[in-house]
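# Commentary on secondary and tertiary structure
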Amino acid sequence: AQCADIKIGDIFYTSWGYDQTNVDFYMVTDRTAKTVKYVRVGKALDHNDGAACDFVAPDKARVGENEKTARINAWGFTADGHAASKYEGKPVYETAAGWGH
């Protein structure tokens, strides 16, 4: 995502982990020329593709209250220590519960 593309209400996600993949979703709540404010949003299982393969999507009905600020960079911003990329509407792979979580 180019910095100019970031708008209030946009959803970003992080994908991280060692021996497993964890996904967290975030919603942009405010922005300036160089920073964004964001809150974490819930996630919902979209579908399961085999025993250890979940695909998750943001659940905008569950919005966190802990607003944080991050500096905008080339790909988006860093959320909770991980690179956050713009969510493009397709479910994201995550290791299924019980397979390392």
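Keep in mind it's a predicted model, so treat the numbers as computed, not measured.

### Structural notes on the packing of aromatic side chains
Counted by the stated rule, this structure contains seven aromatic pairs. For the pair Tyr13 and Phe25, a centre-to-centre distance of 6.3 Å together with 50° between the ring planes defines the contact as tilted. Separated by twelve residues along the polypeptide, Tyr13 in strand E1 (residues 11-16) and Phe25 in strand E2 (residues 22-31) bring together distant segments of the chain. According to the relative accessible area criterion, Tyr13 is partly exposed, its value standing at 21%. Note on Phe25: relative accessible area 1%, which makes it buried. Seen in terms of ring centroids, Phe25 and Tyr87 are 5.5 Å apart; in terms of plane orientation they differ by 85°. Their pairing is edge-to-face. With a gap of 62 residues between them, Phe25 in strand E2 and Tyr87 in the loop between strand E7 (82-86) and strand E8 (92-95) connect regions that are remote in the sequence. One aromatic cluster in this structure is built from Phe12, Tyr26, Tyr38 and Phe77.

### Examining the pairing of E2
Within E2, seven of the ten residues are buried, which leaves it mostly tucked inside the rest of the structure. Pairing of E1 with E2, which is carried by six bridges, proceeds in the antiparallel orientation. From the neighbouring strand, Ile11 faces E2, where its bridge partner is Met27. Sheet analysis places E2 next to strand E3 (residues 35-48), joined by six bridges and oriented antiparallel. Within E3, the residue paired with Phe25 across the bridge is Val41. Once E2 ends, the chain turns through three residues before running back antiparallel as E3.

### Concerning the pattern of salt bridges
Tallied over the full model, the rule gives five salt bridges. A salt bridge links Lys43 to Glu94; its shortest N-O distance comes to 2.5 Å. Here Glu94 lies in strand E8 and Lys43 lies in strand E3, a separation of 51 residues in the sequence.

What counts and how
- Residues numbered from 1 in each chain as written.
- Predicted model: local features only at pLDDT ≥ 70, side-chain atom pairs only at ≥ 80, totals over all residues.
- Heavy atoms only, no water.
- Phe/Tyr/Trp six-rings, centres within 6.5 Å; stacked < 30°, edge-to-face > 60°.
- Helix = DSSP H or I, 4+ residues; strand = E, 2+ residues; numbered from the N terminus.
- Buried < 20%, exposed > 50% of the residue type's maximum accessible area, 1.4 Å probe, protein only.
- Pairing = 2+ DSSP bridges.
- Salt bridge = Lys/Arg side-chain N within 4 Å of Asp/Glu carboxyl O.

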